[in-house]
Amino acid sequence: MSERRSKKRAVLSGGMMERDFMRFTFKQKLIAAVAVFLLLAVAALAFLLTQYRVTQVEVIGNSHYTEEEIQEMVLQGGVLDNSLILSVKYQNRSIKDIPFIESMDVEILGKDSIRIMVYEKSLAGCVTYLGNYMYFDREGIVVESASEATQGVPEITGLQFGSIQLYQKLPVENEEIFKKILNLTQLLEKYQISADKIYFDGEGNVTLYFGQARVRLGDESRIDEKIMQLSVMVPAIEGKSGVLDMTEFNENTKHLSFVPD
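Residues numbered from 1 in each chain as written. Predicted model: local features only at pLDDT ≥ 70, side-chain atom pairs only at ≥ 80, totals over all residues. Heavy atoms only, no water.

Section: the overall build of the chain
From N to C terminus, the chain includes five helices and 13 strands. Taking as baseline every contact in the chain between residues at least 6 positions apart, the subset at least 24 positions apart corresponds to 47%. Accessible surface for the chain amounts to roughly 16,800 Å². Of this, 53% is attributable to carbon and sulfur atoms. (Helix = DSSP H or I, 4+ residues; strand = E, 2+ residues; numbered from the N terminus. Contact = heavy atoms within 4.5 Å. Areas by Shrake-Rupley, 256 points an atom, 1.4 Å probe, with all protein chains shown as cover.)

Below is the structure:
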């Protein structure tokens with residue numbers, strides 16, 4: 001009887017040892033599998049971080065900022081300067097903390113090269129208010145405020161308004177002025193003319209400023225023809241001080257005179 005019990009205990013003990021061994025083997029296999037997975041993950045991460053590190057950058061669509069400034073905004077320096085990471089991070093990303101930029105997008109050109117596409121805010125002009133330049137879009141909405149003037153965006157003078165709030169429409173008496181500003185700035189852009197200031201008097205007459213040189217355009221009549229003719233004359237008056245009067249310009253005008261101060 002005791003012999004049978006001894007044999008039974010031996011069999012039970014052997015089964016338990018076998019199960020313990022199997023569990024131990026399973027744990028070993030699991031640990032080994034996890035270790036292999038982690039090694040492969042680390043290797044893959046190291047490959048991505050080294051092989052896709054950005055070394056070449058192309059910037060398009062920028063006018064308010066230089067290519068170097070745009071690169072500094074996007075590239076932070078370090079392992080995150082990775083073409084894959086940046087393409088995900090800047091996928092039609094809206095920009096809220098950088099003036100004059102609406103959004104940016106990053107396109108992968110190669111493992112180590114990207115193209116940064118900049119989409120700037122559409123600006124029609126700016127006015128000065130409490131020592132700052134308040135930039136507004138084509139609808140007259142104030143979209144940015146800056147302490148310094150931005151090249152290529154004309155300052156609009158002669159407008160009458162009260163207080164100005166960011167992201168609100170300029171509080172002018174006659175909102176039709178925005179259509180006139182838009183039409184004029186589009187014509188200036190069409191003929192590649194960059195005026196420093198645009199002055200509107202109380203009767204709607206327009207004067208363009210190019211430094212100390214002033215061009216009196218008068219009202220909106222024949223404005224397209226005036227601006228087209230002006231595009232030929234701007235190089236001759238830049239850097240000078242005086243007045244070019246185009247208020248009576250028409251199809252019979254043969255000569256326009258610049259009168260020095």
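What to know about the layout of surface pockets
Empty space within the largest pocket amounts to approximately 490 Å³. In terms of lining, the largest pocket is formed by 20 residues, of which the most central are Leu 123, Gly 152, Val 153, Pro 154 and Glu 189. Sorting elements by how many residues they give to the lining of the largest pocket places helix α4 (residues 176-190) first, with five residues. Its residues placed into classes, the lining of the largest pocket shows eight nonpolar, eight polar and four charged. One number sums up the size of the second largest pocket: a volume of about 290 Å³. In terms of lining, the second largest pocket is formed by 14 residues, of which the most central are Leu 159, Asn 174, Ile 177, Asp 201 and Gly 202. (1 Å grid on protein atoms, 1.4 Å probe; cavity = no way out; pocket = protein on both sides within 12 Å on 5 of 7 lines; lining within 4 Å. Points joined across faces, edges and corners; volume = space filled by probe spheres on them. Nonpolar A, V, L, I, M, F, W, Y, C, P; charged D, E, K, R; others polar.)

So, the sheet that holds strand β2 (residues 93-94)
Spatial strand order, β1-β4-β3-β2: four strands in an open sheet with mixed pairing. With partners counted over all chains shown, the strands left at the sheet margins are β1 (56-60) and β2, one partner each. The sheet contact formed by β2 and strand β3 (residues 101-110) spans two bridges and is antiparallel. Its bridge partner being in β3, Arg 93 is matched across the sheet by Met 104. Sitting on the sheet, helix α2 (residues 67-74) touches β1, β3 and β4 (113-120), and the angle it makes with β3 is about 85°. (Pairing = 2+ DSSP bridges. Axes fitted to C-alpha atoms, helices over the stretch in contact; angles between N-to-C directions.)

Details of the packing of α4 against helix α5 (residues 223-237)
Relative to each other, α4 and α5 sit at 35°, their axes nearing to 10 Å. Remark: the crossing between α4 and α5 carries right-handed chirality. The segment α4 lies against α5, with Asn 183, Leu 184, Leu 187, Leu 188 and Lys 190 engaging Ile 223, Asp 224 and Ile 227. Looking at the contact of α4 with α5, its residues break down into five nonpolar, one polar and two charged. (Left-handed = near helix turned anticlockwise from the far one by under 90°.)

Details of the packing of aromatic side chains
Within the structure shown, the criterion is met by two aromatic pairs. The interplanar angle of 90° and the centroid separation of 4.9 Å between the aromatic rings of Phe 100 and Tyr 135 together place this pair among those described as edge-to-face. Taken together, the positions of Phe 100 in the loop between β2 and β3 and Tyr 135 in strand β6 (residues 132-136) put the pair 35 residues apart, joining distant regions of the chain. Summarising the burial analysis for this pair, Phe 100 and Tyr 135 share the class buried. (Phe/Tyr/Trp six-rings, centres within 6.5 Å; stacked < 30°, edge-to-face > 60°. Buried < 20%, exposed > 50% of the residue type's maximum accessible area, 1.4 Å probe, protein only.)

Observations concerning the pattern of salt bridges
Counted under the stated rule, the structure contains seven salt bridges. Where Arg 115 meets Glu 107, a salt bridge forms, and the shortest distance between an N and an O atom there is 3.0 Å. Its salt-bridge partner being Lys 179, residue Glu 176 comes within 3.8 Å of it at the nearest N-O pair. Here the residue Glu 176 and the residue Lys 179 both occupy positions in helix α4, the gap between them amounting to three residues, near one helical turn. The network of salt bridges with common partners includes Glu 58, Glu 107 and Arg 115. (Salt bridge = Lys/Arg side-chain N within 4 Å of Asp/Glu carboxyl O.)

Observations concerning empty space enclosed by the protein
The final tally for this structure, using the stated rule, is one cavity of 30 Å³ or more. The computed volume of the largest cavity comes to approximately 70 Å³. Along the walls of the largest cavity sit Lys 180, Asn 183, Leu 184, Phe 200, Val 206, Asp 219, Glu 220 and Ile 223, which together make up its complete lining. The biggest single contributor to the lining of the largest cavity is α4, with three residues.

As for the confidence of the model for the chain
For any part of a model where pLDDT is low, the fine detail of the predicted coordinates should not be relied upon. Here the chain averages 82 in pLDDT, while 82% of its residues score no lower than 70. Element-level mean pLDDT values for the chain span from 59 in helix α1 (residues 2-51) up to 95 in strand β10 (residues 206-210). (pLDDT = per-residue confidence, 0-100.)

Details of a nonpolar patch on the surface
Taken together, the side chains of Leu 30, Val 34, Phe 37 and Leu 38 define a hydrophobic patch exposed on the protein surface, amounting to about 390 Å² of accessible area. Among the structural elements, Phe 37 can be located in helix α1. Take Phe 37: its relative accessible area is 57%, and that puts it in the exposed class. (Patch = residues over 30% accessible without salt bridge, like charges linked within 9 Å, V, L, I, M, F, W, Y side chains within 5 Å.)

Some details on a negative patch on the surface
A cluster of like negative charges, contributed by Glu 67, Glu 68, Glu 69 and Glu 72, occupies part of the molecular surface. Turning to its location among the elements, Glu 67 is positioned in helix α2. (Lys, Arg positive; Asp, Glu negative; His and termini not counted. Charge placed at Lys NZ, Arg CZ, Asp CG, Glu CD.)

Details of the pairing of strand β5 (residues 125-129)
In this sheet, β6 lies alongside β5 in antiparallel orientation, the contact comprising five bridges. For Thr 128, the partnering residue across the bridge sits in β6 and is Tyr 133.

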